[in-house]
Amino acid sequence: MKLNIMGENGQKISGFRNISSYHTEDASIEVCSLKDLNPIVDDAEAQYILARDIINYINQEELFATISHWISKLSHGGVICIGASDIKEVCRMIYTGEISDPDIGSVLYGEGEGEVLKKSSIQTELLVDFLQSRGLKILKVRLENYNLTVEAQRQ
C-alpha cells in the first residue's frame, strides 16, 4: 500500500491512498487524523508514505510523535518521503533578502487562517537525525531554496 498524506490544498496521486485531515467533496480522499492513521493502515503495512509539505502544519509538540506513528506504519523495506520548509534556510534567505519583505509572512506562516497556518518548524539536519534515531536508513536529502526533502527506508 502507498499513502499520500496531504494537507488542505495537497495534490492527489494516482495509485496512492490519498489521506487528508480536511473534509473535501472528493470522495476519493480519505479523511483521517494525521496523528492516527490506524483507521486507514495497519502497522508495518505501507510500502511507501509520501508526506509532502505537511509536517509544518502539525503542532510542534506533536510533530515527532506523529512522524514516529507514520514510521510504525512502514513495512520493513518501506520508504517514507517527507517534505517541509527548512526554518534555518528560510531565516538565511530572509536575512540575505532572497525572500522579499512582502513574502516573509506567507513563507513563515503559510497562507489562510486557522488550520491552514504553519504550526511548526524543522531543520533538515534535525529531521535526518530523528529518522536515523528511529532506525531508518537515509536514502536522499535534498534542499532546494528552503524546501527540504528527506527520503528514508525502514530496515
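Structural notes, computed from the coordinates. (Residues numbered from 1 in each chain as written. Predicted model: local features only at pLDDT ≥ 70, side-chain atom pairs only at ≥ 80, totals over all residues. Heavy atoms only, no water.)

1. What about the sheet that holds strand E2 (residues 17-20)?
- Strand order across the open sheet formed by 7 strands is E3-E2-E1-E4-E5-E7-E6, with mixed pairing between neighbours. The sheet is open, and its two borders are formed by strand E3 (29-31) and strand E6 (136-144), each paired with just one other strand. Strand-to-strand twist in this sheet, taken as the mean axis angle between neighbours without regard to direction, amounts to 20°.
- Relative to strand E4 (residues 46-51), strand E1 (residues 2-6) runs parallel, the two sharing 3 bridges. Bridge assignment links lysine 2 to a residue of E4, and that residue is tyrosine 48.
- Against the sheet, helix H1 (residues 63-72) engages E1, E4, strand E5 (74-85), E6 and strand E7 (147-154), with an angle of about 150° to E5. (Pairing = 2+ DSSP bridges. Helix = DSSP H or I, 4+ residues; strand = E, 2+ residues; numbered from the N terminus. Axes fitted to C-alpha atoms, helices over the stretch in contact; angles between N-to-C directions. Contact = heavy atoms within 4.5 Å.)

2. Concerning the layout of surface pockets
- Taken as a whole, the largest pocket holds about 740 Å³ of empty space.
- If you trace the largest pocket, you find 30 residues lining it, with Asn9, Arg52, Asp53, Tyr57 and Asn147 closest to the centre.
- For the lining of the largest pocket, the secondary structure elements donating two or more residues are E1, E5, helix H3 (104-109), E6 and E7.
- For the lining of the largest pocket, the per-class residue count stands at 10 nonpolar, 12 polar and 8 charged. (1 Å grid on protein atoms, 1.4 Å probe; cavity = no way out; pocket = protein on both sides within 12 Å on 5 of 7 lines; lining within 4 Å. Points joined across faces, edges and corners; volume = space filled by probe spheres on them. Nonpolar A, V, L, I, M, F, W, Y, C, P; charged D, E, K, R; others polar.)

3. Let's talk about helix H4 (residues 124-133)
- When H4 is considered as a whole, its buried residues turn out to be Thr124, Leu127, Val128, Phe130 and Leu131. Considered in projection along H4, the buried side chains sweep an arc of 165° and stay on one side of the axis.
- On its buried face, H4 sits against H1, E5, E6 and E7.
- A positive backbone phi angle near 85° is found at glycine 135, which sits one or two residues after H4. (Buried < 20%, exposed > 50% of the residue type's maximum accessible area, 1.4 Å probe, protein only. Arc of directions from axis to C-beta.)

4. With respect to the pairing of E4
- Pairing analysis gives 5 bridges linking E4 to E5, with the strands arranged parallel. Pairing of isoleucine 49 across the sheet is with isoleucine 80, part of E5.
- A crossover links E4 with its parallel partner E5, the connecting element being H1, and its sense is right-handed. (Right-handed = clockwise from strand over helix to strand, strands pointing away.)

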